[in-house]
Amino acid sequence: LFAILLERLKVDEMTKFFNTVRNNKKNNTSHDSVGPREIEAQRQTIRHLRQRVDDLEHELRTFKSKRRQSRLQREAQQSHRALLLKGGVFLKHGRRGFPKARVVWVSPDFKKVCWRPIGVASNSNRKGIFQSKRERCIETMSISDVISGAASEVFSRSKKALDIASFTLLTKNSSRTLDLEVQHADISTEHGAEIIQQERDAWVRAFEELLSEIKEENVDDAPFQLANRNNNNERTERKRRVSEFLG
């Protein structure tokens, strides 16, 4: 709609220009009969119309560019959400023992990051009948940052962790980390190493976007949380006064 309006404005401006030229031709049979003031006025009109057309074209290009970027961002966001929900197989590095293969995914409500051994069904597939003791989760609200590469303390004790395939989810109190390494079969070729790093980067971006959305939601909910906190404080104060009055 905005593009159509800009095109319409352009047509109206050009129509005004040609009407001006046509009227000048009707009123003047030759350039000799046109005074210097009229000629300068026509030149200013032409310059104004040209500038106006340039401005409209620039606005139209800017609008199309923003719309294209917005579409690409939405598509990337949907792709990252689908990746988190689908999950993947990683080598999970721990503070003790050897790295273990684990299936890692994000819950449908995006509130938990979960992992389980390969071959063990997730709780969501058990229809709530019983809880799997081998499935572990952390709240996404507790994650503070995503670190790309094998840079965490847990990774430092593992000499076989591949930097281009690794990343860490760091919790807010820094007491717990989820250290994951993308499963890789062949890194002997440049193409294989590139594929591994691209997959790692896709997971890092997906988690970064998820954390960014969570932070935005927290900022939006902050006024309501503050209001609820104030209401709770007022109710507590009223209860205290009533208790004092009743002795």
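Scroll up to find the structure.
Asks: Help me out: how do you make sense of the overall build of the protein in this one?
Replies: Scanning the protein for helices and strands turns up four helices and seven strands. When the helices and strands of the protein are read in sequence order from the N terminus, they spell out α-α-β-β-β-β-β-α-β-β-α. Taking all 247 residues of the protein together, 28% fall into the buried category. About 17,600 Å² of surface is accessible on the protein, with carbon and sulfur atoms providing 53% of the total.

Asks: What should I look at first to understand the state of the cysteines in this one?
Replies: Put plainly, a disulfide is one covalent bond tying together the sulfur atoms of two cysteines. Applying the stated criterion across every chain, the model contains one disulfide. Note on cysteine connectivity: cysteine 114 is disulfide-linked to cysteine 137, with sulfurs 2.3 Å apart. Measuring the twist about the S-S bond at about 105°, one finds the cysteine 114-cysteine 137 disulfide to be right-handed. Of this pair, cysteine 114 sits in strand S3 (residues 112–117) while cysteine 137 sits in strand S4 (residues 136–139), placing them 23 residues apart in sequence. The class for cysteine 137 is partly exposed, based on a relative accessible area of 30%.

Asks: How do you make sense of the nonpolar core when you look at a structure like this?
Replies: Across soluble globular proteins, you tend to see nonpolar side chains buried next to one another. Ranked by internal contacts, the top residues of the largest apolar core, which has 25 residues, are Val113, Phe167, Leu169 and Phe207. Mapped by element, the contributors of at least two residues to this core are strand S2 (100–106), S3, strand S5 (143–148), strand S6 (166–171), strand S7 (177–182) and helix H4 (190–246). The greatest single-element share of this core, amounting to eight residues, is contributed by H4.

Asks: Any chance you could explain the environment of valine 103 here in plain terms?
Replies: Here valine 103 is to be found in strand S2. The class for valine 103 is buried, based on a relative accessible area of 14%. For the pair formed by valine 103 and valine 120, sequence separation is 17 residues and the distance between their alpha carbons is 9.1 Å.

Asks: Would you take a moment to explain the side chain of glutamate 213 for this structure?
Replies: With respect to the helices and strands, the residue glutamate 213 is situated in helix H4. Discounting residues that sit within four places of it in the chain, glutamate 213 has contacts with Gln77 and Arg81.

Asks: Would you take a moment to explain the pairing of strand S1 (residues 88–93) for this structure?
Replies: In the case of a regular strand, side chains alternate between the two sheet surfaces. Where S1 and S2 come together, five bridges link them in antiparallel fashion. Residue pairing across strands places leucine 91 opposite alanine 101, the latter belonging to S2. The hairpin formed by S1 and S2 contains six residues between the paired strands, and glycine 97 there has a positive phi angle of roughly 80°. As paired elements, S1 and S7 share four bridges and run antiparallel to each other. The residue of S7 that forms the bridge with leucine 91 is glutamate 181.

Asks: Can you walk me through the packing of aromatic side chains in this structure?
Replies: Any pair of aromatic rings gets described here by the distance separating the centres and the angle formed by the planes. This model, assessed by the stated rule, comprises four aromatic pairs. Ring geometry for phenylalanine 90 and tryptophan 203: centres 5.0 Å apart, planes at 80°, overall edge-to-face. A residue pair is termed long-range when its members are at least 10 positions apart, and phenylalanine 90 in strand S1 and tryptophan 203 in helix H4 qualify at 113 residues. Measuring from centroid to centroid gives 6.1 Å for phenylalanine 167 and phenylalanine 207, while their planes differ by 40°, and the two rings are tilted. A residue pair is termed long-range when its members are at least 10 positions apart, and phenylalanine 167 in strand S6 and phenylalanine 207 in helix H4 qualify at 40 residues. Phenylalanine 207 shares its class with phenylalanine 167; the two are buried. A connected cluster of aromatic rings, assembled from ring pairs, spans Phe90, Phe167, Trp203 and Phe207.

Asks: What exactly am I supposed to notice about unusual backbone geometry here?
Replies: It is generally the case that most residues other than glycine have a negative phi and that most peptide bonds are trans. The backbone of phenylalanine 110 shows a phi angle near 60°, a positive value even though the residue is not glycine. Following the sequence through the fold, phenylalanine 110 ends up in the loop between S2 and S3.

Asks: Would you explain the sheet that holds S4 in this entry?
Replies: In any sheet, the strands associate via hydrogen bonds between backbone groups, in a parallel or an antiparallel arrangement. In spatial order, the strands read S4-S3-S2-S1-S7-S6-S5; together these seven strands make up an open sheet with antiparallel pairing. Both outer strands of the open sheet, S4 and S5, are each paired with one neighbouring strand and no more. Averaged over all pairs of adjacent strands, the angle between their axes in this sheet comes to 30°, without regard to strand direction.

Reading the values: rules and limits
- Residues numbered from 1 in each chain as written.
- Predicted model: local features only at pLDDT ≥ 70, side-chain atom pairs only at ≥ 80, totals over all residues.
- Heavy atoms only, no water.
- Helix = DSSP H or I, 4+ residues; strand = E, 2+ residues; numbered from the N terminus.
- Buried < 20%, exposed > 50% of the residue type's maximum accessible area, 1.4 Å probe, protein only.
- Areas by Shrake-Rupley, 256 points an atom, 1.4 Å probe, with all protein chains shown as cover.
- Disulfide = S-S within 2.5 Å.
- Core = buried A, V, L, I, M, F, W, Y, C linked by side-chain atoms within 4.5 Å.
- Contact = heavy atoms within 4.5 Å.
- Pairing = 2+ DSSP bridges.
- Phe/Tyr/Trp six-rings, centres within 6.5 Å; stacked < 30°, edge-to-face > 60°.
- Axes fitted to C-alpha atoms, helices over the stretch in contact; angles between N-to-C directions.

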